[in-house]
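Structure assessment
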Amino acid sequence: MKLTIERGDLLNALSHVQNVVERRNTIPILSNVLLQASNGELKLTATDLDIEAVDSADATVTREGAVTAPAGTLFDVVRKLPAGSEVELEVQPEGQRLAITAGRSHFELPTLPASDFQTMSSDDTPTKFSLGAKEFARLIDKTRFAISTEETRYYLNGVYLHGAKTEDGTAVLRTVATDGHRLALAELPAPAGSEDLEGIIVPRKAVAEARRLVDAVDEDIEIEVSDTKIVVRAGRAVLTSKLIDGSFPDYGRVIPKGNDRKLTIDNKAFEAAVDRVSTVSAERSRSVKMSLSDGKLVLAVNHAETGVGNEELEAEYGSEAMEIGFNAKYLLDIAGQIEAVEAEFMFSDPASPALVLDPSDDSARYVLMPLRV
Amino acid sequence: MVENALDAGARRISVSIEAGGLKRIIIEDDGCGMSADDLLVALERHATSKLVPDAGGRVDLLNIHTMGFRGEALPSIASVSRCSISSRATGEDAAEVFVEAGRMEGPRPAAFTGRGETGTRIEVRDLFYATPARLKFMKGERAESMAVTDTIKRLAMANPHVAFSLENNGRNSLRYAAEVEGASGQLARLGAIMGRDFRENALEIDAEREGVRLAGFAGLPTLNRGNAQMQFLFVNDRPVKDRMLNGVIRAAYQDFLARDRHPLAALFVDLDPEYVDVNVHPAKTEVRFRDAGNVRGLMIGALRHALAAAGHRASTTVANSALGKVRIEEATSANLWSLPSAPERQASPSSYYRQPSGIDFDQPLPPSGDVMAGLHEAPPPAYRHDAAPSARVEPEAVPAQGMPSDFPLGVARAQLHETYVVAQTADGIVIVDQHAAHERLVYEDMKRQMAAGGVRRQALLIPDVVELTEDEATRVLERADELAELGLEIEPFGAGAICVRATPALFGEMDAMGLIRDLADDFAEYDAGLALKERFEEVMGNMACRGSVRAGRRLNGEEMNALLRQMEATPHSGQCNHGRPTYVELKLADIERLFGRRG
């Protein structure tokens, strides 16, 4: 294999795939990226056996061939080469090393044979649809913060993607994520072909990698789903991931319907105030008490040892006065998602979940469980 | 049969066994003896001469004080062996019976060959010779003699006023002299059996509640072992093996010991025989209490109380083992500071007092050569000519702090290796491990805060349903209120399932299912939800570790003194969270001994 390629193109393609590679591996070849040169194109593939990322870039191929080389080192080397340089990649026939030459820089990296590299089989994918890159990014961004990290509830370790119908019967494509303490939901009008998508759980890592690919493209993203896999095509990059085999909880039941105590508050001011008062809560639970009364909200942290913090905010609130406690981190996470000037909280009572809405975006909803003392 | 001797009021019991007791067992006592008639009764199945009917001729079977009463042991042994019993009761002639595989000869008058005026001598030969099938299932000779030794030890612990001796294949393997009545005799006997360390580091336990009396001794947490074999329970002086004891001890020592370390203890429960059933196990090694909760509560309460009172007793094992090591070196080399002759890590408790940072407490200071290499990257400062303590308390600061005699832990004099604070007390010196000590202080403080402030609960959006067996679920649900106080809200969810509504906020995202399963196991085994408290301790312990002064930080004089004063004011500050000592006290007398100024 021998080829020359523009450093920027190579770096771009590498950056799309190398994150899939785990830092530590028991199988050596999983640390490597597969390089395949043919037809004026260099194709790069990386896998952790659950997720596979493929990207390609134009190259001047003088000798076709394939090899695998350490993904991390190759990425770092290319990243540190001067911008705009031409990079020559060549597999040395005698030493089986990959020679990288750019200007006066010369590197040789160890390789493993391409034939040992495991690629994912391509399944039949009955469901196919496409949607705009921005829309897809939004579906992910609005929900991924709520993904659970607790391994025992593996079915919450991802984003639940499915076709659904809203109350008025509109078909939507919806993402939901929860860690059992809070829940985030986002939806958009269902693209053609996605209406009947049965729920799939896309693992956290695949969500992050897909999001990375989407950043680079302006055109539509193509999504294909089979029983066990999801394939995301963004430009020339293709990400294939296994799905989490489990059933996502019936989230519809935990989204409160009858919450009628409505609080409207300036989101930025609220976020800043929560951040300020939670400074004095040393413990990990970081509980913040919200006291609601006519036209005002008092945020309070009261800790015997670390101190007391209070802040009063003007708010639109007309219902019966109440007090409710939340984890400050969860409040901040949600406030960070609200794009409108104001945030809307819908409460029922201090022991029941609260619903948080973004007045500028009725397609995203957040549910938050209170803390009890 | 040794129990019989005890019932007979014997003051001296000697046992001798051959080939693990299979070939020959001789038991001699100087108890009240048996008359010829009683000898016959003794060999009758389900008969006993021990129950004396009251005036109305009734026998109160529910109120039995003697060790044996079922009349099973002697006849059953006699039926499978060659057995001879000779006995002499007060005012009677000695008599003897000989039984061979159930056939009886005698009684006939005989010369009593045992010791003393009265008493009984039982000789059993060729056990199971009549039933070779049983013989095949006996364990090895060694195992059998160990079982005998163990049994004698337990009985000896319960009866300090009786002298015991055990001869194994002609060699004296155990010999305990009779001790005086009361706690001191008890402790002397326990020390003889459980080791001298125990004698020096035991806390006396004495508590009573609702007719149940608990006495005995429990070791300081710094004296610990890798297994629970050195934990003994006696009910009405009867040695029993009860799983409850393990749970009780674990619960009481929870704050002081890592889960895999076990303290030493010998506890004696005395209560009205009416409230305890000893007939659970053929060898009577298990008992059932009518009110197990009360006994349990009493035991945990008494142990905790004793431990709290002893919060400041640093284990002498630590100081002694350190001194012992120094002495060994004196003996092996003329130069104390030459390379240590790599003192072997014997399985004594002291070898577990290793610091997490890899700094070894046992090594005499200053360690040299390769030992040091593991401890510090830089060459030991104390080894150089310009060696100086990491920090010094300026002498003029001392008067302002008061005299050493004013404080139990003395006045800080210096900091060594930026890790240990050395303080002078009225009658010696105290060396404090600053990290371990401060960690304990922070931890105690957090516990206090939690107790005062209550536990915050994070309600779950999607309740976790945990599938258990029906028994397990019932057991866990019975304790729902107790768990709710600790922040874990649960409720029933059909047969055999539990629904978790809220978890302690401190844990963040957690594996509620795993916790509930652990709790179910704990309730089944120990009758206490240790797992939840242990999780709290783990989380708080980690937080305490992060929030405390590390080894390697230079402290100034005021800081060191402040640390000492806080330790004095804080309960349980003698041990760190893992059962290691936070400080060691060396008495002036010990130091003088080191320098040969005292014998």
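Located above this text is the structure these notes cover.
Everything numeric in this text was worked out from a predicted model, so none of it was measured. (Residues numbered from 1 in each chain as written. Chains lettered and ligands numbered in written order. Predicted model: local features only at pLDDT ≥ 70, side-chain atom pairs only at ≥ 80, totals over all residues. Heavy atoms only, no water.)

1. Some points on the environment of Gly103(A)
This is how the line gets drawn: Going along the chain from the N terminus, every DSSP run of H or I of four or more residues is numbered as a helix, and every run of E of two or more is numbered as a strand.
Mapped onto the elements of the fold, Gly103(A) is located in the loop between β8 (97–102) and β9 (105–110). Between the C-alpha atoms of Gly103(A) and Glu88(A), which are 15 residues apart in sequence, the distance is 9.3 Å.

2. Some thoughts on unusual backbone geometry
The line we're drawing: Only protein chains enter the accessibility calculation, which uses a 1.4 Å probe. A residue is then buried if its area is under 20% of the maximum for its type, exposed if over 50%, and partly exposed in between.
Positive phi is not limited to glycine here, since Leu49(A) has a value of about 75°. Positionally, Leu49(A) belongs in the loop between β3 (41–47) and β4 (51–58). Its relative accessible area of 30% is what places Leu49(A) among the partly exposed residues. Even without a glycine there, the phi angle at His417(B) is positive, about 55°.

3. Description of the sheet that holds strand β9 (residues 202–209) of chain B
Residues and elements named next belong to chain B. Threshold: When DSSP locates at least two bridges between a pair of strands, those strands are taken to pair. A fitted line through C-alpha atoms serves as each axis, taken over the contacting stretch for helices, and the angle formed by two N-to-C directions is quoted from 0 to 180°.
Across the sheet, 5 strands lie side by side as β9-β10-β15-β12-β13; this open sheet has mixed pairing. At either margin of the open sheet sits one strand with a lone partner, and together these are β9 and β13 (238–240). For this sheet, the mean angle separating the axes of adjacent strands, direction not counted, is 20°. Examined bridge by bridge, strand β12 (residues 231–235) and strand β15 (residues 265–270) share 5 bridges and lie parallel to one another.

4. Examining the packing of aromatic side chains
The following threshold applies: Each Phe, Tyr or Trp ring (for Trp, its six-membered ring) is paired with any other whose centre lies within 6.5 Å, and the angle between the two planes then decides the class: stacked below 30 degrees, edge-to-face above 60, tilted in between.
Taken as a whole and judged by the stated rule, the model has 8 aromatic pairs over all chains. Measuring from centroid to centroid gives 6.3 Å for Tyr160(A) and Tyr251(A), while their planes differ by 70°, and the two rings are edge-to-face. Within this pair, whereas Tyr160(A) is found in strand β11 (residues 158–165), its partner Tyr251(A) is found in the loop between β17 (237–242) and β18 (261–266), the two being separated by 91 residues in sequence. Note on accessibility: Tyr160(A) and Tyr251(A) belong to one class, buried. Seen from their ring centres, Phe234(B) and Phe268(B) are 4.6 Å apart, and the 10° between their planes marks the pair as stacked. With Phe234(B) in strand β12 and Phe268(B) in strand β15, the pair connects residues that are 34 residues apart, well separated along the chain. The exposure class assigned to Phe234(B) is buried, which follows from its relative accessible area of 0%. Here the aromatic residues Phe270(A), Phe326(A), Phe345(A) and Phe347(A) are joined through ring pairs into a cluster of three or more.

5. What about the sheet that holds β9(A)?
Residues and elements named next belong to chain A. As a reminder of what qualifies: Contact criterion: two residues are considered in contact whenever any of their non-hydrogen atoms come within 4.5 Å of each other.
One open sheet holds the 5 strands; their spatial order is β5-β1-β7-β8-β9, and the pairing between them is antiparallel. Of all strands in the sheet, those bounded by a partner on one side alone are β5 (60–63) and β9. Here the average twist between neighbouring strands, direction ignored, is 20°. Strand direction decides the pairing type here: β8 and β9, joined by 6 bridges, are antiparallel. The residue bridging Ile100 from the neighbouring strand is Phe107, located in β9. With respect to the sheet, helix α1 (residues 7–17) is in contact with β1 (2–6) and β7 (86–91), its orientation differing from that of β1 by roughly 95°.

6. Observations concerning the interface of chain A and chain B
As a reminder, the rule being used: Note on terms: buried area is the combined drop in 1.4 Å-probe accessible area of two parts once they are placed together, counting the loss on both. The rule for a salt bridge is simple: a side-chain nitrogen of Lys or Arg has to be within 4 Å of a carboxyl oxygen of Asp or Glu. Each polar contact in these results corresponds to two N or O atoms within 3.5 Å; when the atoms are within protein, one needs to be able to donate a hydrogen and the other to accept it, and residues that are neighboring in sequence are counted only if both atoms are side-chain atoms. The classification used treats Ala, Val, Leu, Ile, Met, Phe, Trp, Tyr, Cys and Pro as nonpolar, Asp, Glu, Lys and Arg as charged, and all other residues, Gly among them, as polar.
The interface of chain A with chain B comprises 31 residues on the first partner and 25 residues on the second. At the boundary of chain A with chain B, total buried surface from both sides reaches about 2500 Å², with 52% on carbon and sulfur atoms. Inspection of the region where chain A meets chain B yields 1 salt bridge. The partner of Arg153(A) in a salt bridge is Asp464(B), with the nearest N and O atoms 3.6 Å apart. In this structure, the connection of chain A to chain B is made through 3 residue pairs in polar contact (both at pLDDT 80 or more). Elements that contribute at least two residues to the side of chain A that touches chain B include exactly β13 (182–189), β20 (296–303) and β27 (371–372) of chain A. Looking at the side of chain A that touches chain B residue by residue, the class counts come to 12 nonpolar, 11 polar and 8 charged. Direction of pairing for β27(A) relative to strand β22 (residues 457–467) of chain B: antiparallel, over a ladder of 2 bridges.

7. Considerations on the pairing of β11(A)
Here is the key point about a regular strand: its side chains alternate between the two faces of the sheet. Residues and elements named next belong to chain A. Taken across its 8 residues, β11 has 7 buried, putting it largely inside the fold. The pairing of β11 with strand β14 (residues 200–203) spans 4 bridges and is antiparallel. Along β14, the bridge assignment pairs Val159 with Val202. Where β11 folds back on strand β12 (residues 171–178), the antiparallel hairpin that results is connected by 5 residues, among which Gly169 adopts a positive phi of roughly 90°.

8. Observations regarding the pattern of salt bridges
Under the defined criterion, the tally for this structure stands at 32 salt bridges over all chains. For Arg565(B), the salt bridge identified is with Glu568(B), shortest N-O distance 3.0 Å. With Arg565(B) and Glu568(B) both in helix α18 (residues 557–569) and 3 residues apart, the pair spans about one turn of that helix. A cluster of three or more residues bridged by salt bridges with shared partners is formed by Asp179(A), Arg182(A), Lys329(A) and Asp333(A).

9. Some details on the side chain of Gln337(A)
Assignment of secondary structure puts Gln337(A) in helix α6 (residues 328–337). Once residues within four sequence positions are removed from consideration, Gln337(A) is found in contact with Asp141(A), Lys142(A), Phe145(A), Asp358(A) and Tyr366(A).

Scope: geometric values only; no functional claims are made or implied.
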